[in-house]
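Architecture at a glance
The lines below spell out each chain.
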Amino acid sequence: MGVPVTQRKNNLKIGQRRFAAIVLLIVSVSALVVLRWNHPHDVSAIPECPSQSIAGVYCPGCGSLRATHHLLNGRISDSLAQNPLMLVIGVPVGVLGLIVLASWARMRPLPTWLASRAASWVLVGAGVLLIVFGIVRNIDAPWADPLKPADQRQPD
């Protein structure tokens, strides 16, 4: 007799998840390699930020590609000038994402600390911080200027 249909479906889902995780890992590492060697302004495939070009406001992620480029090249102060939250939220969340993808690709369960309630609350807190940052960086005041991407700031 053959394998039951439910078991075949489950194996297919596991195989699809593993394939998707491997593809996402390859795409993520490839994107980091491209950002390491090319400034985002030099890559024509990267569009302008829609919130900046359409609405004229800085989203919480504005400057994060430039910040990542500077970070991958060891220029931490330039990275902070483009998007200060890149180091605070972007790097840890990126590492967590890679851990999740690696667990899926290896068909292993997530680490227990990552699947905990505390980790969920940390992610909620990071989301709230991103929303507040997105609002504050658009306030038209001199004290909010350092939160804007460095190459977008008004000259003194």
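Described in the following lines is the structure provided in the data block.

**Observations regarding the overall build of the protein**
Helix and strand content of the protein: six helices and zero strands. Secondary structure elements in the protein, listed N-terminal to C-terminal, are α-α-α-α-α-α. Residues counted as buried form 22% of the 156 residues belonging to the protein. Within the protein, residue pairs in contact and separated by at least 24 positions form 57% of the contacts whose partners lie at least 6 positions apart. Roughly 10,600 Å² of accessible area belongs to the protein as shown, and the carbon and sulfur atoms make up 68% of that amount.

**Considerations on the packing of aromatic side chains**
Tallied over the entire structure, the rule returns zero aromatic pairs. Seen from the ring of Trp 37, Arg 36 lies directly overhead, with NZ or CZ sitting 4.1 Å from the centre.

**A look at helix H3 (residues 64-72)**
When H3 is considered as a whole, its buried residues turn out to be Arg 66, Ala 67, Thr 68, His 69 and His 70. Looking at the residues trailing H3, positive phi occurs at Gly 74, about 80°.

**Brief notes about the pattern of salt bridges**
Evaluated as defined, the whole model comprises two salt bridges. Of the charged contacts, one joins Asp 78 and Arg 75 as a salt bridge, the two residues approaching to 3.6 Å between their closest N and O atoms. Here Asp 78 falls in the partly exposed class, since its relative accessible area comes to 33%. A salt bridge links Lys 148 to Asp 145; the shortest N-O distance between them is 3.7 Å.

Reading guide: rules and limits
- Residues numbered from 1 in each chain as written.
- Predicted model: local features only at pLDDT ≥ 70, side-chain atom pairs only at ≥ 80, totals over all residues.
- Heavy atoms only, no water.
- Helix = DSSP H or I, 4+ residues; strand = E, 2+ residues; numbered from the N terminus.
- Buried < 20%, exposed > 50% of the residue type's maximum accessible area, 1.4 Å probe, protein only.
- Contact = heavy atoms within 4.5 Å.
- Areas by Shrake-Rupley, 256 points an atom, 1.4 Å probe, with all protein chains shown as cover.
- Phe/Tyr/Trp six-rings, centres within 6.5 Å; stacked < 30°, edge-to-face > 60°.
- Lys NZ or Arg CZ within 6 Å of the ring centre and 35° of its normal.
- Salt bridge = Lys/Arg side-chain N within 4 Å of Asp/Glu carboxyl O.

By themselves, these figures tell us nothing about what the structure is for.
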